[in-house]
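Descriptive structure summary
In case you want the letters, here they are:
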Amino acid sequence: MLRKTLTLLPLRRPFSSSAPKTLTQLQRSSFESSLHTSLTTHDTEQAWKLFRSFAASSSLPDKPLLNSLITHLSSPLLHGDNTPPLKHRLKRAFVSAAYVIEKDPTFLESDTLLTLFQSMKLARAASPALALVNCMFKNRFFVPFHLWGSLIIDTCRESGTLLPFLKVFKESCRLSIDENLDYMKPNLEASNAALEACCLELESLPDAEDVIELMDVMGVKPDESTFGFLAYLYARKGLKEKIKSLIDVSTCKRVLYSNMISGYVKIGDLDSVSDVILHSLKEGDFSFNEETYCEVVKGFIESKKVKSLVKLIIEAQRLESESIDIDRSVGFGIVNACIDLGFSGKSILDEMDAQGGSGGIGVYVPILKAYCKENRTSEATQLVREISSSGVQLDVESYKALIEASMTKQDFVSALALFRDMREARVVDLKGSYLTIMTGLLENQRPELMASFVEEVLDDPNVEVKSHDWNSIIHAFCKSKRLEDAKRTFRRMVFLQYEPNHQTYLSLINGYVSCERYFEVVVLWKEFKEGRTKLDRDLADAFLNALVKGGFFGTAMQVVEKCREMKVFVDKWRYKQAFMETLKKLRLPKLRKRKVKKIEFLDAFRNWVGITT
């Protein structure tokens, strides 16, 4: 039979219809040598041709060569111009393996078989994989089930159905039970896969009971998945008495209840869906996953029972513990599923208001997250106001996410309003959001908003305003050349007893220089001398550069003297050019007559930088 299959695959000439000719020892050695060379050089076509020559003579090559050939054909890693695609090679690997099993299965190594099954899984080739298993059974080639069972299950599952595996499962059970081949016994994973096919695909109670009976005979103990599949089927069939017996023996109620919900949704029994969810809350603090909530929401919405869905949320909220995590609440799960399915979460809130009930903070969080994702920050802020007015406390993480979204959108009004709401709600953890707002305003060059924001939170013990916040405001004003605002902020900073530092003075100096307001630097130097900030090289250079450009050599010499006193190194040569540029702008003869003192300072600075002419 398989020789006929082999002849159907492409070959330059078909097998002869006459009886197969036995290979001479010389021919056999030659073919095996050529096959070895072909595999070594990855010449797939030549290797396949040589194998067919063996098949035509109803013989097999050397065992290691044979297994190397099938492994080669099964490899998903082969590439090259002369290499057939994986799907084509798998057909050849399948035919080769099946031929060997019929001819002499002792030639086929278990590792080779597993490699072939793994590649079939990768290619989602369920039909060939199942055909090969059936060939194994037919020819009584019994490889231990645990070696290949999982691969067949995964291959079937990825192809979209487990039904074909059911036949494999039953035959393996028969071999294990009737022929006492314990190594052919399907494990729990295989038993559950077979049960899944019976319950979720066939929806057949007799078939499911057959699988359970086989598990019992083989001593395979059920787990939560086993009970879950049965729960779905019992709910699907309306067998509530059987469900009660499952509840009594199940240790993992979440899996059980989730499957029950799926079954009830399938038959449109939404009252039972609500009962299961509410009953689960009475039993303990556990939640359903997103998939289950999506099933619930889809069932209610398709049945046009939004009022009943909202009623479920309200009743659930009454049963839930006050300490329950927001994302574990029923309200959160349902509204989040509504949004995932494209149904308006806001309509749930509207219906809740109409019923005069509350679903807790959980119903709001998914809507706020959706608003953030869609950059609808003003609507989110409005909803936060409504939440606050209703007496519900929004969680800190939601506030943070909303503020971040608002700052990203540059919706500063909403961000600041949300921060005020946080303070009014007496949220303690304000530092992160404060930093988010300050950073965003600085990046967007909005120092006036930074200044008013800092003033607003100065007395809040949960917000720590520091000197670097004032520095950021001053820097932003200076960068925008709003020097009066920068000076006003500096005065305010000093008045409130925040200590100016190097960055404060550097920002102001650079700002004054950019607008050629050099006299302001003279004033600033006087204030600097009275403060506690230590002079360093960068600050000294900034002061000197500004004072020389402005022609204030007397003050410049004060900086030089301060540097000597503080032992701060100043590279005087770098100021020669600046001094000469300033000198060109000065009317020295006129200056010598009217401002003798200034000439003295000029000469002193000239001598300091080393200009003698």
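Scroll up a little and you will see the structure.
Structural notes, computed from the coordinates. Please read these numbers as outputs of a predicted model, since none were measured by experiment.

This brings us to the overall build of the protein chain. Tallying secondary structure elements over the protein chain gives 34 helices and 0 strands in all. For 613 residues, the compact-globule estimate of 2.2 N^0.38 gives 25 Å, and the protein chain exceeds it by more than 25% at 41 Å. Each principal axis of the C-alpha atoms in the protein chain carries an extent, and together these give about 130 × 80 × 35 Å. Taking all 613 residues of the protein chain together, 48% fall into the buried category. Residue pairs at least 24 apart in sequence account for 67% of intrachain contacts in the protein chain once pairs closer than 6 positions are excluded.

This next bit is on the nonpolar core. One finds Phe117, Trp148, Phe165, Phe419 and Phe605 to be the most contacted residues of the largest nonpolar core, which totals 195 residues. The dominant element in this core, judged by the number of residues it contributes, is helix H5 (residues 86-103), at 9 residues. When near neighbours in sequence (up to four residues on either side) are disregarded, Trp148 contacts Leu114, Phe117, Val133, Met136, Phe137, Val143, Val168, Ser172 and Met184.

Okay, the side chain of Ser250 next. Here Ser250 shows up in the loop between helix H13 (240-249) and helix H14 (253-267). Take Ser250: its relative accessible area is 5%, and that puts it in the buried class. Sequence-distant contacts of Ser250, that is, excluding residues within four places in its chain, are made with Phe227 and Leu256.

Here the focus is the environment of Arg426. Assignment of secondary structure puts Arg426 in the loop between helix H23 (412-424) and helix H24 (431-443). Sequence separation between Arg426 and Gln393 is 33 residues; the distance between their C-alpha atoms is 9.9 Å.

A word on unusual backbone geometry. Of note in this structure, Glu203 is not a glycine but carries a positive phi near 50°. Relative to the helices and strands, Glu203 is located in the loop between helix H10 (188-202) and helix H11 (205-218). Its relative accessible area of 14% is what places Glu203 among the buried residues. Despite not being glycine, Asn375 has its phi angle at roughly 60°, a positive value. Topologically, Asn375 is positioned in the loop between helix H20 (365-373) and helix H21 (377-389).

Below, the discussion takes up H14. Spacing of three or four residues puts side chains on the same side of an α-helix, whose turn is 3.6 residues. Spanning 15 residues, H14 covers 21 Å between terminal C-alpha atoms, matching the ideal 21 Å at 1.5 Å per step. Taking burial as the measure, the 15 residues of H14 include 11 buried ones, the bulk of the element. By the burial criterion, the buried members of H14 are Val255, Leu256, Tyr257, Ser258, Asn259, Met260, Ile261, Ser262, Gly263, Tyr264 and Val265. Contact partners of the buried residues in H14: helix H12 (224-237), H13, helix H15 (270-283) and helix H16 (290-302). Following H14 by one or two positions, Gly268 has its phi on the positive side, about 80°.

This part covers the packing of aromatic side chains. Taken as a whole and judged by the stated rule, the model has 16 aromatic pairs. Here the aromatic cluster, defined as three or more aromatic residues joined through ring pairs, consists of Phe490, Tyr505, Trp525, Phe528 and Phe543.

Attention shifts here to the state of the cysteines. According to the stated counting rule, one finds 0 disulfides in the structure shown. The cysteine Cys338 is free of any disulfide, with Cys294 supplying the nearest cysteine sulfur at 8.9 Å.

As a further point, take the pattern of salt bridges. Considering all chains together, one arrives at 34 salt bridges under this definition. Across the salt bridge formed by Glu32 and Arg28, the nearest N and O atoms sit 3.6 Å from each other. Within this pair, Glu32 and its partner Arg28 are both found in helix H2 (residues 25-40), separated by 4 residues, close to a single helical turn. Of the residues examined, Glu32 reaches a relative accessible area of 17% and is grouped as buried. Ionic pairing is found between Lys244 and Glu241, a salt bridge with its closest N-O pair at 3.6 Å. Taken together, the residues span about one helical turn, with Lys244 and Glu241 both in helix H13 at a distance of 3 residues. By relative accessible area, which is 48% here, Lys244 ends up partly exposed.

As a further point, take the packing of helix H27 (residues 483-495) against helix H28 (residues 502-514). Helix packing for two helices is described by the angle between their axes and how far apart those axes are. Closest axis-to-axis distance for the H27/H28 pair is 11 Å, and the angle between their directions is 160°. It follows from the interaxial angle that H27 and H28 lie roughly antiparallel. Every pair of crossing elements has a handedness; the one defined by H27 and H28 is left-handed. On H28, the residues touching Leu483, Ala486, Lys487, Phe490 and Met493 of H27 are Thr504, Tyr505, Leu508, Gly511 and Tyr512. Per-class residue counts for the contact of H27 with H28 are 7 nonpolar, 2 polar and 1 charged.

Conventions adopted
Residues numbered from 1 in each chain as written. Predicted model: local features only at pLDDT ≥ 70, side-chain atom pairs only at ≥ 80, totals over all residues. Heavy atoms only, no water. Helix = DSSP H or I, 4+ residues; strand = E, 2+ residues; numbered from the N terminus. Rg over C-alpha atoms; globule rule 2.2 N^0.38 Å. Buried < 20%, exposed > 50% of the residue type's maximum accessible area, 1.4 Å probe, protein only. Contact = heavy atoms within 4.5 Å. Core = buried A, V, L, I, M, F, W, Y, C linked by side-chain atoms within 4.5 Å. Expected span 1.5 Å × (residues − 1). Phe/Tyr/Trp six-rings, centres within 6.5 Å; stacked < 30°, edge-to-face > 60°. Disulfide = S-S within 2.5 Å. Salt bridge = Lys/Arg side-chain N within 4 Å of Asp/Glu carboxyl O. Axes fitted to C-alpha atoms, helices over the stretch in contact; angles between N-to-C directions. Parallel < 35°, antiparallel > 145°, perpendicular 65-115°, else oblique. Left-handed = near helix turned anticlockwise from the far one by under 90°. Nonpolar A, V, L, I, M, F, W, Y, C, P; charged D, E, K, R; others polar.

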